[in-house]
Amino acid sequence: MRNKPSRQFSFDFEGADNPLRERLWGGAFQILFEIDAPSHNRKEAASLMRNFVAAIPAPSKYPVGVSVTERLESVNGVDAAEFASEGLPDQLKNTSIIFVSGRGRSVDEMVEALESRRALGFRNVVAVTGDGYETDSGSPRFSDSIHAIKVMSEMDAFFPGCVVNPFKYLTASLFPQFFKLVKKINLGAELLIAQAGWDIVKLRDLIWFLDSRELVVPVIARTIFLSQDRLNRILGGDIPGIYISRHLEEILKEEGRHGSGQFTAAQWRRLQFQVAGARAVGCSGVQIAGIDSPEHVATAVSKIVSALEEFDSFQAWFSAYSAYVAQADMAPPDYRFKLYQNSLKHSLDTVREPASVMPLEPSVWEKARYKTSRVLLSDAGEVYSGERKITKTILTGCLASCRRCRLPETHFICPMACPKGLSNGPCGGTKIDGSCELRPVECVHAKRTRLAAWLNELDLLEEKYIGPVE
Ligand code: SF4
């Protein structure tokens with residue numbers, strides 16, 4: 001018998017008309033295959049998707065569906081819902097997830113995209129902010145996923161989802177992720193997709209963090225079936241927010257030394273351990289990227305089902321996993337922060353040992369800048385935003401004339417110093433050293449978190465929603 005999820009879901013749920021929500025809350029382990037909406041040629045891609053979907057077997061015990069993501073490859077990419085409405089049979093609409101990305105969209109356009117999802121009959125919608133991109137015509141445009149979550153919650157027509165990246169190894173990177181996650185859940189996110197990573201300890205950190213805060217939200221762990229090409233792209237830094245440790249890199253290179261057949265065989269086994277591991281630590285399902293042919297999807301389902309049967313308890317999975325990874329170190333050598341000690345040494349019901357947390361301390365300069373800003377700019381939200389522009393620029397790095405100044409709401413860290421203009425917390429793309437996905441400087445939300453900790457105002461990072469401005 002497999003472990004019961006540590007996180008107890010209520011069976012008295014609303015929205016019984018939504019099979020995905022029903023299954024997740026009913027405790028069924030969900031298998032989702034990730035399909036990217038194409039950057040061009042929607043009709044041909046929709047036909048490929050129909051072939052792909054037709055090849056998905058339907059194991060009775062484990063429901064299978066798809067997640068349609070968008071705008072990962074190109075800012076001119078096709079809208080995921082329009083693509084899915086052509087490629088997905090009706091019976092899969094309510095069991096599949098459609099993403100909505102803020103990449104290249106204003107908040108108004110994001111709202112339009114949500115309206116279109118509702119009109120097309122999609123209810124399970126996960127909001128992301130999207131990866132950075134280059135543009136010839138001024139700054140790239142983003143709208144924060146948090147606004148979409150709020151809008152979805154107000155529309156009351158969706159099973160709204162959000163994403164989080166738990167694969168962060170610095171306190172100043174991980175905590176802002178989790179604080180923003182709490183804010184998203186408070187605003188209405190009911191489903192959570194965890195970014196892909198191979199360090200199961202970090203997935204368990206996430207599950208235990210949610211438990212510690214009594215946040216009962218099903219978590220779907222994203223994982224990637226690696227090909228040589230995908231591996232090279234991750235190692236080359238082309239896929240923000242995804243990390244492969246040096247030790248895992250060596251193992252993968254060794255697996256590739258004996259030809260593509262052996263490499264693929266090794267990746268099937270890795271996928272089995274990842275999926276069974278996600279369930280063992282309390283996730284409610286997996287979203288698998290990198291399976292892109294009808295032949296592979298049938299193999300994947302069969303391998304996953306056999307792994308879920310083989311590792312039917314935390315202990316069964318953990319013993320086999322320990323032998324499989326041996327001493328492989330999944331964390332970076334220099335940054336190793338995790339929330340709990342020895343979390344994979346214990347079964348789900350044992351005592352959790354929180355790790356000691358290094359206090360987050362702003363530098364002398366950061367404190368001085370904050371204090372000066374508070375004196376000079378405390379009314380900046382109430383007056384014309386162009387006032388005291390030079391002072392703002394010197395003290396806060398203010399770059400733009402927003403219609404409404406948010407500095408007093410953001411500990412005087414200018415949201416426009418974030419290349420995506422995020423004011424409610426970070427994206428998932430910070431690099432392993434805490435630097436921004438798009439610039440060689442520390443993520444502005446790490447700075448803000450240090451200030452909030454010093455001021456004893458961390459609760460603001462979870463509770464205060466900062467509305468969008470143009
Ligand atoms: S500053 Fe932080 S939140 Fe903004 S784009 Fe860079 S990594 Fe993402």
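Residues numbered from 1 in each chain as written. Predicted model: local features only at pLDDT ≥ 70, side-chain atom pairs only at ≥ 80, totals over all residues.

## Description of the overall build of the protein
Heads up, the rule is: Secondary structure elements follow DSSP: runs of H or I no shorter than four residues count as helices, runs of E no shorter than two count as strands, and numbering proceeds from the N terminus. Each radius of gyration is computed over the set of C-alpha atoms, and the globule rule expresses the reference value as 2.2 Å times the number of residues to the power 0.38. Here a residue counts as buried when 20 or more other C-beta atoms sit within 10 Å of its C-beta, as exposed when there are 12 or fewer, and as partly exposed otherwise, the C-beta atoms being derived from the backbone. The contact criterion used here is simple: two residues whose C-beta atoms, placed from the backbone, lie within 7 Å are in contact.
Looking only at helices and strands, the protein features 17 helices and 10 strands. Relative to the compact-globule value of 23 Å for 470 residues, the protein shows a C-alpha radius of gyration of 22 Å, a close match. Across its three principal directions, the C-alpha atoms of the protein cover 65 × 50 × 50 Å. Looking at the protein residue by residue over its 470 residues, the buried ones come to 46%. The contacts of the protein with a sequence gap of at least 6 include a subset with a gap of at least 24, amounting to 76%.

## A few points about the site of the ligand
Put simply, the rule reads: Here, nearness is defined through the C-beta atom: a residue counts as near a molecule or strand if that backbone-placed atom lies within 6 Å of it. Lys, Arg, Asp and Glu make up the charged group, whereas Ala, Val, Leu, Ile, Met, Phe, Trp, Tyr, Cys and Pro make up the nonpolar group; the residues left over, Gly among them, are polar.
The ligand sits among 14 residues. The nearest are Cys418, Pro426, Cys427, Cys436 and Cys443. Classifying every residue of the shell around the ligand gives nine nonpolar, three polar and two charged.

## Considerations on the pairing of strand 7 (residues 219-224)
Quick reminder of the rule: The criterion for strand pairing is that DSSP finds at least two bridges linking the strands in question. If the strands point away from the viewer and the path from the first strand over the helix to the second runs clockwise, then the crossover is right-handed.
In terms of burial, strand 7 is a largely internal element, six of the six residues being buried. By the bridge criterion, three bridges tie strand 6 (residues 191-194) to strand 7 in an arrangement that is parallel. The residue bridging Leu192 from the neighbouring strand is Val219, located in strand 7. Traced from strand 6 through helix 8 (residues 200-212) to strand 7, the parallel crossover comes out right-handed. Strand direction decides the pairing type here: strand 7 and strand 8 (residues 285-289), joined by five bridges, are parallel.

## Structural notes on the sheet that holds strand 2 (residues 64-69)
Let me state the cut-off plainly: Orientation is described by axes fitted as lines to C-alpha atoms, over the contacting stretch for helices, and by angles from 0 to 180 degrees between their N-to-C directions.
Read once around its circumference, the closed barrel built from eight strands follows the order 1-2-3-4-5-6-7-8, with strand pairing classed as parallel. Neighbour-to-neighbour, the strand axes of the sheet open up by a mean angle of 25°, direction not taken into account. With three bridges joining them, strand 4 (residues 124-128) and strand 5 (residues 159-164) adopt parallel strand pairing. The residue bridging Val126 from the neighbouring strand is Gly161, located in strand 5.

## So, the pairing of strand 6
Side chains of strand 6 alternate between two faces, with Leu191 and Ile193 and Leu192 and Ala194 buried alike. One ladder, built from four bridges, connects strand 5 with strand 6; its direction is parallel. Within strand 6, the position partnered with Val164 by the bridge is Ala194. For the segment spanning strand 5, helix 7 (residues 171-187) and strand 6, crossover handedness is right-handed.

## Re the domain arrangement of the protein
As a reminder of what qualifies: Boundaries of every domain are those given by an automatic assignment or by a domain database.
On domain assignment, one finds that the protein holds domain 1 (19-354) and domain 2 (364-463). Between the C-alpha centres of domain 1 and domain 2 there is a distance of 30 Å. Taken together, the contact pairs 29 residues of domain 1 with 24 residues of domain 2. Mapped by element, the contributors of at least two residues to the side of domain 1 that touches domain 2 are strand 5 and helix 7. If one sorts the elements of the side of domain 1 that touches domain 2 by residue count, helix 7 sits on top with 10 residues. When grouped by side-chain class, the residues that make up the side of domain 1 that touches domain 2 number 16 nonpolar, eight polar and five charged.

## Description of the environment of Ser378
Within the secondary structure layout, Ser378 lies in the loop between helix 14 (364-377) and helix 15 (389-396). Put simply, Ser378 and Leu407 are 29 residues apart on the chain and 8.1 Å apart in space, counted from C-alpha to C-alpha.

## Quick word on the packing of helix 11 (residues 260-280) against helix 13 (residues 314-325)
Note the following rule: When an angle is under 35 degrees it counts as roughly parallel; over 145 it counts as roughly antiparallel; between 65 and 115 it counts as roughly perpendicular; any other value is oblique. Definitions for this section: a left-handed crossing has its near helix turned counterclockwise from the far helix by less than a right angle. A right-handed crossing has that turn clockwise.
Packing of helix 11 against helix 13 leaves a shortest axis separation of 10 Å and a crossing angle of 140°. With respect to each other, helix 11 and helix 13 are oriented oblique. At the point where helix 11 passes helix 13, the crossing takes the left-handed sense. For the pair helix 11 and helix 13, contact is made by Phe273, Ala276, Gly277 and Ala280 and by Phe314, Trp317, Phe318, Tyr321 and Tyr324, respectively.

## A word on the packing of helix 6 (residues 145-155) against helix 7
Put simply, helix 6 and helix 7 touch, their axes get as near as 9 Å, and they point 20° apart. Between helix 6 and helix 7, the interaxial angle falls into the category roughly parallel. Of the two elements, helix 6 crosses helix 7, and the hand of that crossing is right-handed. From helix 6, Ile146, Ile149, Lys150 and Ser153 reach across to helix 7, where they touch Lys183, Lys184 and Leu187.

## Things to note about the nonpolar core
To keep it simple, the criterion reads: The nonpolar core is taken to be a set of buried Ala, Val, Leu, Ile, Met, Phe, Trp, Tyr and Cys residues joined by way of C-beta atoms within 7 Å.
Ranked by size, the top nonpolar core spans 123 residues in total, and within it Val68, Ile98, Val125, Val126, Leu192 and Leu203 carry the most contacts. It is helix 7 that provides the largest number of residues to this core, a total of nine residues. Apart from the residues lying within four places of it in its own chain, the contact partners of Val125 are Ile98, Val100, Leu114, Arg117, Met152, Phe158, Pro160 and Gly161.

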